[in-house]
Amino acid sequence: MLRVLLDHNFDQDILRGLLRRIPELDAVIAYEAGLSRMEDTDLLIWAAREQRLLLTHDRRTMPAHATTVIESGMAIAGIVITPEPGQMPIVQIIEQLELIIACTDESQWLNVIDYLPLR
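Just so it is clear, the structure is predicted and the values come from calculations on it, not from any experiment.

Draft legend 1. Just the pairing of strand S3 (residues 52-56), in detail. Summarising burial for S3: 5 of the 5 residues are buried, a large majority. Here strand S1 (residues 3-6) pairs with S3 via 4 bridges, running parallel. Considered in S3, the bridge of Arg-3 is made with Arg-52. For S3 and strand S4 (residues 79-81), the ladder comprises 3 bridges, and the chain directions are parallel. Bridged to Leu-54 within S4 is Ile-79.

The structure is reproduced here in C-alpha cells:
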C-alpha cells in the first residue's frame, strides 16, 4: 500500500473519507508535520526521500515544480493532482484515490504526475 503526503491545503473531507475506507492508511499532512512553509520543490524532495505519493489540488504550480525537480536529476515519488470538491463529486475522488493507494506501488509512481479523474 502506498504511503501518502497531503499538501498543506488538501481537503480534509477527502482525507476523512479515505481513512474510513483505508483505516491503516499511512498519511502525513504537510501542515501537521511542519512542512507547509517549505517551497514546493523541497516538499517534493522530502516526499521522495520518505517514499510518499503527494496528493494535492495545486494544478497551477505543482506540475512545473515537479518537472524542475526531475529535470535537475532528482526523482519525485509521484503526484496525484485532484480537483477541488465541487469540481468533481467527492465520493468519486475518494474512490479513485483508494484505487491508487491500494492497488499500485511506489515503483509505478516514480517521476509520474497524474490527474483525477482517472482515464
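Draft legend 2. Structural context of unusual backbone geometry. Residues Leu-116 and Pro-117 are joined by a peptide bond in cis, for which omega reads 5°. Of note, Pro-117 is situated in the segment after strand S5 (113-115). One non-glycine residue, Gln-51, lies in the positive phi region at around 55°. Within the fold, Gln-51 resides in the loop between helix H2 (40-49) and S3. Gln-51 gets classed as exposed once you look at its relative accessible area, which sits at 52%. Of note, the phi angle at Asn-111 is positive, near 60°, even though the residue is not glycine. By secondary structure assignment, the location of Asn-111 is in the loop between helix H4 (90-103) and S5.

Draft legend 3. Region of interest: the nonpolar core. Core analysis: the biggest nonpolar cluster contains 21 residues, and Leu-18, Leu-53, Leu-55, Val-80, Leu-97 and Ile-100 have the highest contact counts within it. Of all the secondary-structure elements, those providing two or more residues to this core are S1, helix H1 (12-21), S3 and H4. Among the elements that line this core, the one with the most residues is H4, at 5 residues. The contacts of Leu-18, once residues within four sequence positions are left out, are Leu-25, Leu-55, Ile-94, Leu-97, Glu-98 and Ile-101. The next biggest cluster of nonpolar side chains, apart from the first, holds 15 residues, and it includes Ala-30, Leu-43, Trp-46 and Ile-79.

Draft legend 4. Fine view of the environment of Tyr-31. Counting through the fold element by element, Tyr-31 comes out in the loop between strand S2 (27-29) and H2. On the basis of relative accessibility, which here comes to 40%, the residue Tyr-31 falls in the partly exposed class. Along the chain, Tyr-31 and Val-112 lie 81 residues apart, while their C-alpha atoms are 23 Å from each other. If we skip the residues at most four places from it in the chain, Tyr-31 touches His-8, Gln-12 and Ser-36.

So, how was this worked out
Residues numbered from 1 in each chain as written. Predicted model: local features only at pLDDT ≥ 70, side-chain atom pairs only at ≥ 80, totals over all residues. Heavy atoms only, no water. Buried < 20%, exposed > 50% of the residue type's maximum accessible area, 1.4 Å probe, protein only. Helix = DSSP H or I, 4+ residues; strand = E, 2+ residues; numbered from the N terminus. Pairing = 2+ DSSP bridges. Core = buried A, V, L, I, M, F, W, Y, C linked by side-chain atoms within 4.5 Å. Contact = heavy atoms within 4.5 Å.

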